[in-house]
Amino acid sequence: MKTNKVTKFLFRRQIIGLAEMYLFLFAAFLILPFLFSAISGSLDDYSLSRQMQGSWVTAAFGVYMFAISTLSYENFKFLIQNGISRPTFFNAQIVVNGLLILIGNTFNLVYQYLVLMPLVHARNTNIFMSSYSGYIHNSILDFIANFIFSGLLLVVGALFGMVIGNFLTLFSKFVQRIILIATPVIGYITLMYTASRVILDHNFQMTWVANFAKFILGYRATGSYDPFPMIVAMVVIAVVMLLITRYLFSKKQLKRE
């Protein structure tokens, strides 16, 4: 019973936050450009379809899921102080994230198929459509694979956010700031170095690391990539991160203000 109540509480708060985010984005990307065009007298240049062609609508949901998964301490603090156990909060948060991903992923794909694709006249509206669409020749099965693939990306992103958020709460605010500053810098340097090796170093391109990456990505020399190795990899990553999150969550403590 408590889990259901906590689930409803968290879902209500986070679905309201999601609605507020989309209202802000629609105002920023649709209404403000219209007002600026009207004020400047260039209303003829304003195009609603052009403003809606960007991927900001679909990308925003992934950012939102990562953010609420990372910044969950205040909800944790409030509920723990009101007698809710850690397992109850953890289980409710997982259920709420799953429901939000189901809703958001459905909305994203509907938006892509009914808005973006007719406006842009292109099929490359997300990662799956760019690299994997066409591997499955049946359009219905291709759509289902797109839904599963895109949903798993959101799941991995949300769980990654939960790992980061629960890991940071183990440290003081000062150490948290150092980690938040250092991690993006180190990650960027590592990514750029790896990318330069992959692109420029022919010997590196032939190593087991590059071959393994090609296998996971489902690389094929011709035609669309095979999505199934990537889907399996994301499932494995999601399970591992869920276990890590559960462990870190068991160590999570309320901090003295």
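These numbers were taken from a predicted model, which means no experiment stands behind them.

With respect to the overall build of the protein
Right, so step 1: Counting its secondary structure elements, the protein contains 11 helices and zero strands.
Right, so step 2: Overall, the protein shows an N-to-C arrangement of helices and strands of α-α-α-α-α-α-α-α-α-α-α.
Right, so step 3: Expressed as a percentage of its 257 residues, the buried residues of the protein come to 37%.
Right, so step 4: Of the contacts formed within the protein by residues at least 6 apart in sequence, a portion of 73% connects residues at least 24 apart.
Right, so step 5: As displayed, the protein offers around 15600 Å² of accessible surface, 71% of which is attributable to carbon and sulfur atoms.

Remarks on the packing of helix α1 (residues 2-40) against helix α3 (residues 56-70)
Right, so step 1: As a packed pair, α1 and α3 sit with axes 11 Å apart at the nearest point and diverge in direction by 140°. α1 and α3 meet at a crossing whose hand is right-handed. Between α1, through Q14, G17, L18, M21, Y22, L25, F26, F29 and L30, and α3, the contact on the second element is made entirely by W56, V57, A60, F61, Y64 and I68.
Right, so step 2: Considered class by class, the residues forming the contact of α1 with α3 number 13 nonpolar, two polar and no charged.

Observations concerning α1
Counting along an α-helix, one turn takes 3.6 residues, and residues three or four places apart therefore face a common direction.
Right, so step 1: Given a rise of 1.5 Å per residue, 39 residues ought to cover 57 Å, and the 55 Å separating the end C-alpha atoms of α1 matches this to within 8%.
Right, so step 2: The largest bend in α1 comes to about 35°, at A27.

A few points about the environment of I237
Right, so step 1: In this structure, I237 sits in helix α11 (residues 228-250).
Right, so step 2: Separated by 81 residues in sequence, I237 and V156 place their C-alpha atoms 7.1 Å apart.

Let's talk about a nonpolar patch on the surface
Right, so step 1: The grouping of I31, L32, F34, L35, F36, I39 and L43 at the surface amounts to a nonpolar patch, some 680 Å² of accessible area in total.
Right, so step 2: Within the secondary structure, I39 is located in helix α1.

A look at the nonpolar core
Right, so step 1: Ranked by internal contacts, the top residues of the largest apolar core, which has 48 residues, are L10, M21, F61, M65, L79, F89 and F149.
Right, so step 2: For this core, the secondary-structure elements that each account for two or more residues are α1, α3, α4 (73-81), α5 (86-120), α7 (139-168) and α11.
Right, so step 3: Counting residues per element, this core draws most heavily on α7, at nine residues.
Right, so step 4: Excluding residues that lie within four positions of it along the chain, L10 makes contacts with N75, L79, F89, A92, Q93 and V96.

A closer look at the packing of aromatic side chains
To describe a pair of aromatic rings, you give the distance between the ring centres and the angle between the ring planes.
Right, so step 1: According to the stated counting rule, one finds 17 aromatic pairs in the structure shown.
Right, so step 2: Plain terms: the ring middles of Y73 and F76 are 6.2 Å apart, the flat faces sit at 40° to each other, and that makes the pair tilted. Of this pair, Y73 and F76 are both found in helix α4, three residues apart, which corresponds to roughly one turn of the helix. An identical accessibility class is assigned to Y73 and F76; each is buried.
Right, so step 3: Ring centres of Y132 and F149 lie 5.0 Å apart, and the angle between their planes is 45°; on these two criteria the pair is classed as tilted. Placement of Y132 in the loop between α6 (127-131) and α7 and of F149 in helix α7 is noted, with a sequence separation of 17 residues between them. The pair formed by Y132 and F149 is uniform in burial state, with each residue classed as buried.
Right, so step 4: In this structure an aromatic cluster arises from ring pairing among Y73, F76, F89, F90 and F249.
Right, so step 5: Across the ring face of F76, the terminal group of K252 is positioned such that the distance to the ring centre comes to 4.7 Å.

A word on the side chain of N108
Right, so step 1: One can find N108 in helix α5.
Right, so step 2: We classify N108 as buried; its relative accessible area is 6%.
Right, so step 3: A polar contact is formed between the side chain of N108 and the backbone oxygen of T58, at a distance of 3.3 Å.
Right, so step 4: Not counting the four nearest positions on each side in its chain, N108 is found in contact with Y22, V57, T58 and F61.

Parameters and conventions
- Residues numbered from 1 in each chain as written.
- Predicted model: local features only at pLDDT ≥ 70, side-chain atom pairs only at ≥ 80, totals over all residues.
- Heavy atoms only, no water.
- Helix = DSSP H or I, 4+ residues; strand = E, 2+ residues; numbered from the N terminus.
- Buried < 20%, exposed > 50% of the residue type's maximum accessible area, 1.4 Å probe, protein only.
- Contact = heavy atoms within 4.5 Å.
- Areas by Shrake-Rupley, 256 points an atom, 1.4 Å probe, with all protein chains shown as cover.
- Axes fitted to C-alpha atoms, helices over the stretch in contact; angles between N-to-C directions.
- Left-handed = near helix turned anticlockwise from the far one by under 90°.
- Nonpolar A, V, L, I, M, F, W, Y, C, P; charged D, E, K, R; others polar.
- Expected span 1.5 Å × (residues − 1).
- Bend = angle between axes of the 7 residues up to and from the residue.
- Patch = residues over 30% accessible without salt bridge, like charges linked within 9 Å, V, L, I, M, F, W, Y side chains within 5 Å.
- Salt bridge = Lys/Arg side-chain N within 4 Å of Asp/Glu carboxyl O.
- Core = buried A, V, L, I, M, F, W, Y, C linked by side-chain atoms within 4.5 Å.
- Phe/Tyr/Trp six-rings, centres within 6.5 Å; stacked < 30°, edge-to-face > 60°.
- Lys NZ or Arg CZ within 6 Å of the ring centre and 35° of its normal.
- Polar contact = N/O pair within 3.5 Å; in protein donor to acceptor, adjacent residues only side chain to side chain.

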